[in-house]
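The lines below spell out each chain.
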Amino acid sequence: MIEDFNFDSIQIKTPKRAENSHKGNFGKVLVIGGGGHAKSCIDALSYHPDYSVSGINDPNISVSPFLHIPLVEGSLKDLFPAHTIILLGIGFIKNPKPR
């Protein structure tokens with residue numbers, strides 16, 4: 001049976017940050033992709049009180065689109081243990097081929 005997806009179910013499954021902890025020490029988000037959709041996701045996450053983007057994984061770019069967020073290389077299997085959430089930031093308009 002497929003579980004219904006809603007915002008409340010996400011809040012239950014992601015741990016809550018302790019009030020005395022620092023945002024950068026709690027929820028580390030790895031963003032897959034470095035294009036426009038990823039940039040929008042990163043911008044939205046910057047306002048979240050519990051999570052911070054700790055890296056961008058995109059083999060198609062050589063420089064991070066954000067000065068404060070490093071590019072990270074490696075397989076998801078290797079990168080996953082160091083991150084709380086893996087966010088898929090890949091999108092496309094009309095055509096999925098890179099522009």
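The notes below deal with the structure included here. (Residues numbered from 1 in each chain as written. Predicted model: local features only at pLDDT ≥ 70, side-chain atom pairs only at ≥ 80, totals over all residues. Heavy atoms only, no water.)

### Regarding the overall build of the protein chain
- Secondary structure assignment for the protein chain yields three helices and three strands.
- Mapped in sequence order, the helices and strands of the protein chain form the string α-β-α-β-α-β.
- Relative to its 99 residues, the protein chain shows a buried fraction of 29%.
- In the protein chain, the proportion of contacts linking residues at least 24 apart, taken out of those at least 6 apart, comes to 60%.
- Counting every atom, the protein chain has about 7600 Å² of accessible surface; 60% of that belongs to carbon and sulfur. (Helix = DSSP H or I, 4+ residues; strand = E, 2+ residues; numbered from the N terminus. Buried < 20%, exposed > 50% of the residue type's maximum accessible area, 1.4 Å probe, protein only. Contact = heavy atoms within 4.5 Å. Areas by Shrake-Rupley, 256 points an atom, 1.4 Å probe, with all protein chains shown as cover.)

### Things to note about the side chain of His-83
- Inspection of the secondary structure puts His-83 in the loop between α3 (76–79) and β3 (85–88).
- Within the structure, His-83 has its side chain in polar contact with the side chain of Ser-54 (distance 3.2 Å).
- Engagement of the side chain of His-83 in a polar contact is seen with the backbone oxygen of Leu-79, the distance being 2.8 Å.
- The residues touching His-83, leaving out its near neighbours within four places in the chain, are Lys-28, Val-29, Leu-30 and Ser-54. (Polar contact = N/O pair within 3.5 Å; in protein donor to acceptor, adjacent residues only side chain to side chain.)

### Some details on the environment of Ile-42
- By the secondary structure assignment, Ile-42 is in helix α2 (residues 36–45).
- Judged by relative accessible area, which is 4%, Ile-42 ranks as buried.
- For the pair Ile-42 and Val-29, spaced 13 residues apart in the sequence, the C-alpha separation amounts to 9.3 Å.
- For Ile-42, the contacting residues outside a window of four places in its chain are Val-31, Val-53, Ile-56, Phe-66 and Ile-69.

### Focus: the sheet that holds strand β2 (residues 51–57)
- Taken together, the three strands give an open sheet; going across it, the order is β2-β1-β3, and neighbouring strands pair in parallel fashion. The sheet terminates laterally at β2 and β3, the two strands that pair on one side only. Taken pair by pair, the neighbouring strands of this sheet meet at an average axis angle of 30°, ignoring direction.
- In the sheet, strand β1 (residues 27–32) pairs with β2 via six bridges, with the strands oriented parallel. What sits directly across from Leu-30, in β2, is Gly-55.
- Taken strand by strand, α2 contacts β1, β2 and β3, and its axis lies near 160° from that of β2. (Pairing = 2+ DSSP bridges. Axes fitted to C-alpha atoms, helices over the stretch in contact; angles between N-to-C directions.)

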